[in-house]
Amino acid sequence: MPYFDAVDDVTRALAGYGYIADRQLATAVFVQTRLDKPLLVEGPAGVGKTELAKAVSAATGRRLLRLQCYEGQDDTKALYEWDYGKQLLYTQILREKIGQLLADAPDLHTAIDRIAQQESAFFSERFLAPRPLLEAVHSADPVVLLIDEVDRADEALEAVLLEMLAEYQVSVPEIGTFVARQPPLVILTSNNTRDLSAALKRRCLHLFLGYPSAERELEILRSKKTGLPEAAAERLVHVVRGLRELDLRKAPSISETVDWARTLAVLGVEEIAPAVLADTVSVVVKYSRDVQRALDALPALADPNATPADEPPGGHDHGHHHARHHGDHQHDPDDDAGARAERTAKDQPGRHDEHYYGAPAPAASVGSGDRAVPAGQGSRSFARGLARRRAL
């Protein structure tokens, strides 16, 4: 039975569990539930990809199974494992029965054949430890299967997923193929740390989830009931969006915006000010280089109408922390034009009298004509220089 009758039903259902979905996202979820196809959600970290799977699980009443992918993960952690400890325990308990089975075996070959006939007793579902993929197939009730951060998994595991994504089945060589009793709703997430294979993408519906609009992010803050006043929440959303436009190693996520709002609410903040933002900026900025860039930008983001304070007499006070480093100063052509005009206005003949630079120099050293050089001075200077070089 379909869970949603229309796209708007998806929006309302997810909102009931605290997830604010736009039209594109709600449409993708609606189509997935009707087509029974996996949904691949790609986008930067912290935009709500994992939370989407949780919200869909709650809205549909399905149990959530999660496969967290990581580098070096093998298929046994995703599909199934044999419970070797349990197999060994059963072997020890049944040692007497095994002895009876082999008691009248005339030779080794016959004994091996008899043991081989009993392999199905030890390689059965009784000793199979299901992992998320097999558990989703085995489940008698429909589930939501979240394959989280699939881009972090190796390509070998990505290939193992293809059978599950295409046909909702898992093959166990010792037993056979298990087909899902109830097709799961499969949601894969990716942070785009590497390109996924075309084969995987071909099996999935695709949705790129980016940072929300200002209106939607503000609505998310309201839905989380952070306790921050409405006007302060609006200003905080503006500040976070400004920080995302900076060249940061990691841009603030939506969840970090919510954390920042809750932090400010705990501190009793009713009006956003640069000082309190600077004190709490580490809630959303996680790297030291990013912190400095954020601190430089916060005054303007917190109050766009603010003007720089007047500089003290004598130029910059370098002991004072400037909002922008000198190396970040942008060249303004109008400054050059104004400077040239000022220099031209000052460059007038006769604007300084003869005493402007102080007392006049002695007459012997002043004059417009060339100073007379005594005859023979050049040859004497050359002879002295030659003698010094020979001495060296």
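Look up: the structure comes first, before these words.
A quick note: this is a predicted structure, and the numbers were derived from the prediction, not measured.

Quick look at the overall build of the protein
Tallying secondary structure elements over the protein gives 17 helices and 9 strands in all. Here the protein holds 392 residues, and the buried ones make up 34% of them. In the protein, the proportion of contacts linking residues at least 24 apart, taken out of those at least 6 apart, comes to 74%. Split by element, the accessible area of the protein, about 23900 Å² in all, is 52% carbon and sulfur.

Topic: the sheet that holds strand E1 (residues 39-42)
With respect to topology, 5 strands assemble into an open sheet ordered E2-E5-E8-E1-E9, the strand pairing being parallel. The open sheet has two edge strands, strand E2 (63-68) and strand E9 (205-208), and neither has a second partner. Mean inter-strand twist for the sheet, computed between neighbouring axes without regard to direction, equals 20°. Of the strand pairs in this sheet, E2 and strand E5 (residues 143-148) are connected by 6 bridges, and their pairing is parallel. Following the sheet pairing, arginine 63 is matched in E5 by valine 143.

Quick look at the nonpolar core
Ranked by size, the top nonpolar core spans 55 residues in total, and within it Leu14, Leu25, Leu236, Trp260, Leu264 and Leu277 carry the most contacts. Examining the composition of this core, we find that 7 residues originate from one element, helix H12 (residues 230-244), more than from any other. Sequence-distant contacts of leucine 25, that is, excluding residues within four places in its chain, are made with Leu14, Tyr19, Leu52, Leu207, Leu209 and Arg216. Membership of the second largest hydrophobic core comes to 34 residues, among which are Cys69, Leu145, Met164 and Leu165.

Quick word on unusual backbone geometry
The backbone of tyrosine 168 shows a phi angle near 55°, a positive value even though the residue is not glycine. If you trace the backbone, tyrosine 168 turns up in the loop between helix H9 (155-167) and strand E6 (169-172). Among the residues examined, tyrosine 168 registers a relative accessible area of 9% and is labelled buried. The residue asparagine 192 is not glycine, and still its phi comes out positive at about 65°. Take asparagine 192: it is sitting in the loop between strand E8 (185-190) and helix H10 (198-202).

Some remarks on the pattern of salt bridges
Counted by the stated rule, this structure contains 14 salt bridges. Put simply, aspartate 148 and arginine 66 hold a salt bridge, and the shortest N to O gap is 2.7 Å. In this pair, aspartate 148 is assigned in strand E5 and arginine 66 in strand E2, connecting sequence segments 82 residues apart. Across the pair arginine 152 and glutamate 149 runs a salt bridge, and its minimum N-O distance is 3.2 Å. Counted as one network, the salt bridges with shared partners bring together Lys250, Glu256 and Lys286.

Some thoughts on the pairing of strand E7 (residues 176-179)
Where E6 lies against E7, 4 bridges are found, and the strand directions are antiparallel. Paired with glutamine 169 across the strands is valine 179, a residue of E7. Turn length for the E6-E7 hairpin, with the two strands adjacent in sequence and antiparallel, is 3 residues.

As for the environment of glutamine 32
The topology assignment puts glutamine 32 in helix H2 (residues 23-35). A relative accessible area of 0% means that glutamine 32 is categorised as buried. Taking the C-alpha atoms as reference points, glutamine 32 and valine 186, 154 residues apart in sequence, are found 9.0 Å from one another. With residues near it in sequence (within four places) discarded, glutamine 32 still touches Lys37, Pro38, Leu39, Leu185, Val186, Ile187 and Leu205.

Rules used throughout
- Residues numbered from 1 in each chain as written.
- Predicted model: local features only at pLDDT ≥ 70, side-chain atom pairs only at ≥ 80, totals over all residues.
- Heavy atoms only, no water.
- Helix = DSSP H or I, 4+ residues; strand = E, 2+ residues; numbered from the N terminus.
- Buried < 20%, exposed > 50% of the residue type's maximum accessible area, 1.4 Å probe, protein only.
- Contact = heavy atoms within 4.5 Å.
- Areas by Shrake-Rupley, 256 points an atom, 1.4 Å probe, with all protein chains shown as cover.
- Pairing = 2+ DSSP bridges.
- Axes fitted to C-alpha atoms, helices over the stretch in contact; angles between N-to-C directions.
- Core = buried A, V, L, I, M, F, W, Y, C linked by side-chain atoms within 4.5 Å.
- Salt bridge = Lys/Arg side-chain N within 4 Å of Asp/Glu carboxyl O.

It is worth stressing that arrangement in space is one thing and function is another; only the former is reported here.
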